[in-house]
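Here are the chains, one letter per residue:
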Amino acid sequence: MDIRPGLSGHAELVVGEQHTAPSIGSGKVRVLATPVMINLIEAAALAAIEHLLPAGYQSLGTHLDVRHIAATPVGMGVTAIAEVTAVDGRTVTFKVRASDEKELIGEGIHERVVVNVEKFDARVQKKLGVK
C-alpha cells in the first residue's frame, strides 16, 4: 500500500431534505443531520485512500471522534476533507473537517482499518453460523 501521511480526499453535497435531522430520525430541526455529516467525512476518507488499495481490499471505519459545531440549512453546500496523519500497520488515521459555504461545521479524528474483503466476509458469515 502506498498510503502515507499528507494524502487527502474530499466529498461534497448540497443539503437536501433527505439530509436533515427530521428525515433520518436524529432530531427535529431542518438542518444537516450529524450522521449525514459523518457519512460525508467517511466518504472523504475513502476518497483519500481506497484507490491505493490492492484488489480485494477495502478500508472500514473503526473510530470517530468528531464534533458537530455549527448548523447547515437546506440548500447550502458542504465539503468534507480527510487528511491522512498516520499509518500504523493496517490502521490509517485521518484529521477530518467539514465546512459549509460560511464556516467550519465539524472536525475531529477518524480511523479506518484496511481489510482483506474475502477474509472479513468469512468472519461475518461465521458469526451468522454460515460455513
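For the structure, check the block above.
If you're wondering where the values come from, they're calculated on a predicted model, not measured in any experiment.

Trainee: Would you mind showing me how to read the overall build of the chain here?
Mentor: When helices and strands are counted, the chain shows three helices and five strands. When the elements of the chain are put in sequence order from the N terminus, they spell out β-α-α-β-β-β-β-α. Principal-axis analysis of the C-alpha atoms places the extent of the chain at approximately 45 × 40 × 20 Å. Within the chain, the proportion of its 131 residues that are buried is 35%. Here the analysis covers contacts within the chain between residues at least 6 apart in sequence; of these, 65% occur between residues at least 24 apart. Carbon together with sulfur atoms contributes 52% to the accessible area of the chain, which is approximately 7600 Å² in total. The chain carries 14 positive and 15 negative side-chain charges, and their two centres are separated by 7 Å.

Trainee: I'm lost on the pattern of salt bridges in this one. Help?
Mentor: Oppositely charged side chains are able to pair whenever their charged atoms sit close together. Tallying each qualifying case throughout the model produces four salt bridges. The partner of Arg4 in a salt bridge is Asp2, and the shortest N-O contact between them spans 3.4 Å. Taking the relative accessible area as the measure of exposure, Arg4 reaches 42% and is therefore partly exposed. For Glu17, the salt bridge is made with Arg30, and the minimal N-O distance between the two is 2.3 Å. One end of the pair, Glu17, is in the loop between strand S1 (8–14) and helix H1 (21–24); the other, Arg30, is in the loop between H1 and helix H2 (34–49), and 13 residues separate them in sequence. Judged by its relative accessible area of 36%, Glu17 falls in the partly exposed class. For Arg30, a relative accessible area of 48% translates into the label partly exposed.

Trainee: How should the pairing of strand S4 (residues 91–100) be read in this particular structure?
Mentor: Along a regular strand, successive side chains alternate from one face of the sheet to the other. Relative to S4, strand S3 (residues 77–88) runs antiparallel, the two being bridged by 10 bridges. What sits directly across from Glu83, in S4, is Lys95. Pairing geometry for S4 and strand S5 (residues 104–116), over nine bridges, is antiparallel. Bridging across to S5, Phe94 finds its partner in His110. Connecting the antiparallel pair S4 and S5 is a turn made up of three residues.

Parameters and conventions
Residues numbered from 1 in each chain as written. Predicted model: local features only at pLDDT ≥ 70, side-chain atom pairs only at ≥ 80, totals over all residues. Heavy atoms only, no water. Helix = DSSP H or I, 4+ residues; strand = E, 2+ residues; numbered from the N terminus. Buried < 20%, exposed > 50% of the residue type's maximum accessible area, 1.4 Å probe, protein only. Contact = heavy atoms within 4.5 Å. Areas by Shrake-Rupley, 256 points an atom, 1.4 Å probe, with all protein chains shown as cover. Lys, Arg positive; Asp, Glu negative; His and termini not counted. Charge placed at Lys NZ, Arg CZ, Asp CG, Glu CD. Salt bridge = Lys/Arg side-chain N within 4 Å of Asp/Glu carboxyl O. Pairing = 2+ DSSP bridges.

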